[in-house]
Amino acid sequence: MYVFVLRALRVALCILLVALIVLGDLQAALIVGVFLGLSFAHLLRSDRRPAFFDVLFALAALAGAVGFVFGLFDEIVPYDELTHAFTTFCVSLTFYFLFYGGAVPERRAFALGTSVFTLGVTVGAYWEIFEWFFVGTYTMADTISDLLVDSGGALAAALVALALRRSGDRLT
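Since the model is a prediction, treat every value here as computed from it, not as a measurement.

## A look at the nonpolar core
In step 1: Within the largest apolar cluster, 23 residues are counted, with the highest numbers of intra-cluster contacts made by Leu-13, Ile-31, Val-32, Phe-35, Ala-65 and Phe-68.
In step 2: Beyond its immediate sequence surroundings of up to four residues, Phe-68 is in contact with Ala-28, Ile-31, Phe-73, Val-135 and Tyr-138.

This is the structure in structure tokens:
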């Protein structure tokens, strides 16, 4: 089931990408291409099988791409905040699965939570820099609120990573 849903999400991203290229909006096509590439994050794992988390990650990529292409970030007030928080949550958990995979000793829990949080916030900050240089239509207030909700998503991911490590369960 996960494989089918993941493929459907990728097909939607590909359709968006091709449409943008045909329409000549190369800036939007570049951003959707980044989101499409992110939907393949599960291939970095050793088992290389898409799973529930990979579907969440691809859904976050599609939500970001659709929001950007159709202007939903400006049209629907909570869309921007929800998408930023959800995407940062997924990116931050990706760091946990890629770098730790549940192999963190009990006494290193603080280091795990801090690194997952910090890496997530860092990605959010670099995304905002990318938006400033390549999109350039956002205000400082929007950037600050995006960074705050990115931090919330990263914090949620750090807490989930700690819970997963403690219980020994894997989300993927």
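From this point, the narrative continues.
## Focus on helix H7 (residues 140-167)
In step 1: Compared with the 40 Å implied by 1.5 Å per residue over 28 residues, the 41 Å span of H7 between its first and last C-alpha is a close match.
In step 2: Every buried residue of H7 is accounted for by Asp-142, Thr-143, Asp-146, Asp-150, Gly-153, Ala-154, Ala-157, Ala-158, Ala-161, Leu-164 and Arg-165.
In step 3: On its buried face, H7 is in contact with helix H5 (77-100) and helix H6 (109-135).

## As for the packing of helix H1 (residues 2-23) against helix H2 (residues 26-38)
In step 1: One way to put it is that H1 packs onto H2 with a least axis distance of 9 Å and a crossing angle of 160°. Accordingly, the angle class assigned to the pair H1 and H2 is roughly antiparallel. Note that H1 runs across H2; the crossing there is left-handed. Two secondary-structure elements touch here, H1 through Arg-10, Leu-13, Cys-14, Leu-16, Leu-17, Leu-20 and Ile-21 and H2 through Ala-28, Ala-29, Val-32, Gly-33, Phe-35 and Leu-36.

## Concerning a nonpolar patch on the surface
In step 1: Side chains of Tyr-126, Ile-129, Trp-132, Phe-133, Phe-134, Met-140, Ile-144 and Leu-148 sit close together on the surface and give an oily, nonpolar patch of about 950 Å² of accessible area.
In step 2: Elements supplying a minimum of two residues to the nonpolar patch: H6 and H7.
In step 3: Ranked by residue count, the leading element in the nonpolar patch is H6, at five residues.
In step 4: Inspection of the secondary structure assignment puts Ile-144 in helix H7.
In step 5: On the basis of relative accessibility, which here comes to 44%, the residue Ile-144 falls in the partly exposed class.

Criteria and cut-off values
- Residues numbered from 1 in each chain as written.
- Predicted model: local features only at pLDDT ≥ 70, side-chain atom pairs only at ≥ 80, totals over all residues.
- Heavy atoms only, no water.
- Core = buried A, V, L, I, M, F, W, Y, C linked by side-chain atoms within 4.5 Å.
- Buried < 20%, exposed > 50% of the residue type's maximum accessible area, 1.4 Å probe, protein only.
- Contact = heavy atoms within 4.5 Å.
- Helix = DSSP H or I, 4+ residues; strand = E, 2+ residues; numbered from the N terminus.
- Expected span 1.5 Å × (residues − 1).
- Axes fitted to C-alpha atoms, helices over the stretch in contact; angles between N-to-C directions.
- Parallel < 35°, antiparallel > 145°, perpendicular 65-115°, else oblique.
- Left-handed = near helix turned anticlockwise from the far one by under 90°.
- Patch = residues over 30% accessible without salt bridge, like charges linked within 9 Å, V, L, I, M, F, W, Y side chains within 5 Å.
- Areas by Shrake-Rupley, 256 points an atom, 1.4 Å probe, with all protein chains shown as cover.
- Salt bridge = Lys/Arg side-chain N within 4 Å of Asp/Glu carboxyl O.

No statement about biological role is implied by the geometric values presented.
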